[in-house]
Amino acid sequence: TTTTTTTTTTTTTTTTTTTTTTTTTSTTTTTTTTTTTTTTTTTTTTTTTTTTTLTTTTPTTTLLCDPELQVLDFSKATVLVKNLTGGIGGMLRYGSVAVVNGVTVDLIVTAIGVYEAFNTTKNGVFGDFGVINVLETTEGRLAFTFVNAETDEAMEIGPFYLTWFDLDSGDISEDLGGEAVTANSFRSYHVKEDANIIVSEEYGFTTFSSKEKCPVKHPSKLRKLTHQQLQHSVTLVYPKTSDFTVSLVSGKGTGGRNFFFGGTSINCCRAIDA
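Residues numbered from 1 in each chain as written. Predicted model: local features only at pLDDT ≥ 70, side-chain atom pairs only at ≥ 80, totals over all residues. Heavy atoms only, no water.

## With respect to the overall build of the chain
Line of reasoning, step 1. Within the chain, the secondary structure is distributed over one helix and 16 strands.
Line of reasoning, step 2. Scored against the burial criterion, the 274 residues of the chain give a buried share of 39%.
Line of reasoning, step 3. Put simply, 74% of the contacts in the chain that link residues at least 6 apart link residues at least 24 apart.
Line of reasoning, step 4. Working note: accessible area of the chain is about 16700 Å², and carbon and sulfur atoms make up 49% of it. (Helix = DSSP H or I, 4+ residues; strand = E, 2+ residues; numbered from the N terminus. Buried < 20%, exposed > 50% of the residue type's maximum accessible area, 1.4 Å probe, protein only. Contact = heavy atoms within 4.5 Å. Areas by Shrake-Rupley, 256 points an atom, 1.4 Å probe, with all protein chains shown as cover.)

## Digging into the pairing of strand S12 (residues 205–210)
Two faces belong to every sheet, and in a regular strand the side chains alternate between them.
Line of reasoning, step 1. Sheet topology places strand S9 (residues 179–183) next to S12; four bridges connect them, and they run antiparallel. Residue pairing in the sheet places Val181 in a bridge with Phe208 of S12.
Line of reasoning, step 2. When strand S11 (residues 197–202) meets S12, the two strands line up antiparallel, connected through six bridges. Residue pairing in the sheet places Val199 in a bridge with Phe208 of S12.
Line of reasoning, step 3. Connecting S11 to the antiparallel partner S12 that follows it, the hairpin turn spans two residues, and Tyr203 within it adopts a positive phi of roughly 55°. (Pairing = 2+ DSSP bridges.)

## Regarding the sheet that holds strand S15 (residues 256–262)
Line of reasoning, step 1. Spatially, six strands are ordered S5-S6-S15-S8-S13-S10 in an open sheet, and the strand pairing comes out antiparallel. Each end of this open sheet is capped by a strand with a single partner; those strands are strand S5 (124–126) and strand S10 (188–190). Averaged over all pairs of adjacent strands, the angle between their axes in this sheet comes to 35°, without regard to strand direction.
Line of reasoning, step 2. Inspection of the sheet shows S10 paired to strand S13 (residues 234–238) by three bridges, in the antiparallel sense. Considered in S13, the bridge of His190 is made with Thr235. (Axes fitted to C-alpha atoms, helices over the stretch in contact; angles between N-to-C directions.)

## As for the pattern of salt bridges
Line of reasoning, step 1. The final tally for this structure, using the stated rule, is four salt bridges.
Line of reasoning, step 2. A salt bridge links Arg257 to Glu179, with the nearest nitrogen and oxygen atoms 3.9 Å apart. Here the residue Arg257 occupies a position in strand S15, and Glu179 occupies one in strand S9, the gap between them amounting to 78 residues. The exposure classification of Arg257 matches that of Glu179, with both residues buried. (Salt bridge = Lys/Arg side-chain N within 4 Å of Asp/Glu carboxyl O.)

## Observations regarding the nonpolar core
Line of reasoning, step 1. Counting residues in hydrophobic clusters, the biggest one holds 39 residues, and the most contacted among them are Ile132, Phe144 and Trp164.
Line of reasoning, step 2. Ranked by size, the runner-up nonpolar core spans seven residues in total, among them Phe129, Leu222, Leu230 and Phe260. (Core = buried A, V, L, I, M, F, W, Y, C linked by side-chain atoms within 4.5 Å.)

## Some remarks on the sheet that holds S11
Line of reasoning, step 1. Taken in spatial order, the eight strands line up as S2-S3-S4-S7-S14-S9-S12-S11 in an open sheet, and their pairing is antiparallel. Two strands in the sheet have a free side with no partner beyond their single neighbour: strand S2 (78–82) and S11. Recorded for the sheet is a direction-independent mean angle of 25° between the axes of neighbouring strands.

## Observations concerning the packing of aromatic side chains
Line of reasoning, step 1. With the rule as written, the count across this model stands at 19 aromatic pairs.
Line of reasoning, step 2. By the ring-pair criterion, three or more aromatic residues cluster together here, those being Phe74, Tyr94, Phe144, Phe146, Phe160, Trp164, Phe186, Tyr189, Phe208, Tyr238, Phe244 and Phe261. (Phe/Tyr/Trp six-rings, centres within 6.5 Å; stacked < 30°, edge-to-face > 60°.)

## A look at unusual backbone geometry
Line of reasoning, step 1. A cis amide bond links Gly158 to the next residue, Pro159, at an omega of 5°.
Line of reasoning, step 2. Along the chain, Pro159 falls in the loop between strand S7 (138–148) and strand S8 (160–165).
Line of reasoning, step 3. Positive phi values are uncommon outside glycine, yet Asn101 reaches one of about 55°.
Line of reasoning, step 4. Assignment of secondary structure puts Asn101 in the loop between strand S3 (92–100) and strand S4 (103–111).
Line of reasoning, step 5. Its identity is not glycine, yet Asp152 carries a phi of approximately 65°, on the positive side.
Line of reasoning, step 6. If you trace the backbone, Asp152 turns up in the loop between S7 and S8.
Line of reasoning, step 7. Classification of Asp152 by relative accessible area gives partly exposed; the value is 47%.

What is shown is where atoms sit, not what they do.
Written as structure tokens, this is what we have:
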């Protein structure tokens, strides 16, 4: 007997299955978009400029005078001759001071005897007024004659007004004299009720002088006189004539004084403001 021994070898194959777990990490990147909204606030500053126009209306003063009286107008007069002296032939000639019956009238001023000026360049016209300069502490006697502008012949005009302005004196703190006008042959005179004028009469002549030491600003416009300027003025009314005389007395001063004269003022004419 053959004994066969069968060896059965059992090979056990162990299969090790390695399971690799791949963990995929998904990184989610969240992009946060920050939208910055810049709100531009445009502030429109509207500057409203209010232009206030102040219209100053200066009333036009019309002087209602006696229609029968001639009004002399120096505002439009021209100085034709300007060599007034105390010598022969000296004169101050104002052209076109009036028109009478279509005839242009000039006014000629000449000296009777001695006349001295401190500054003859002041003689002539200032604004609406005629002006004559007189040396301090002297008296000038002057003749006023109306003439036909074309023929130079003496010509009667009037009745007419003639006003003397700025009859004042130096400051009360100064030792200065005043101004005075002496006249005759006029029909009447007119001053304000509160005038600073002294009126005196002697030998048929009337003198008008400043009542107190009170300097007055020189006038320039006949229709824009201050109350003080009117207080230091006098209006004379002359009858119809071709000439008249006046003496101008200049007191102590700082050289000379200017005498202002014109056709009329509201001393005797009613003022109407337009």
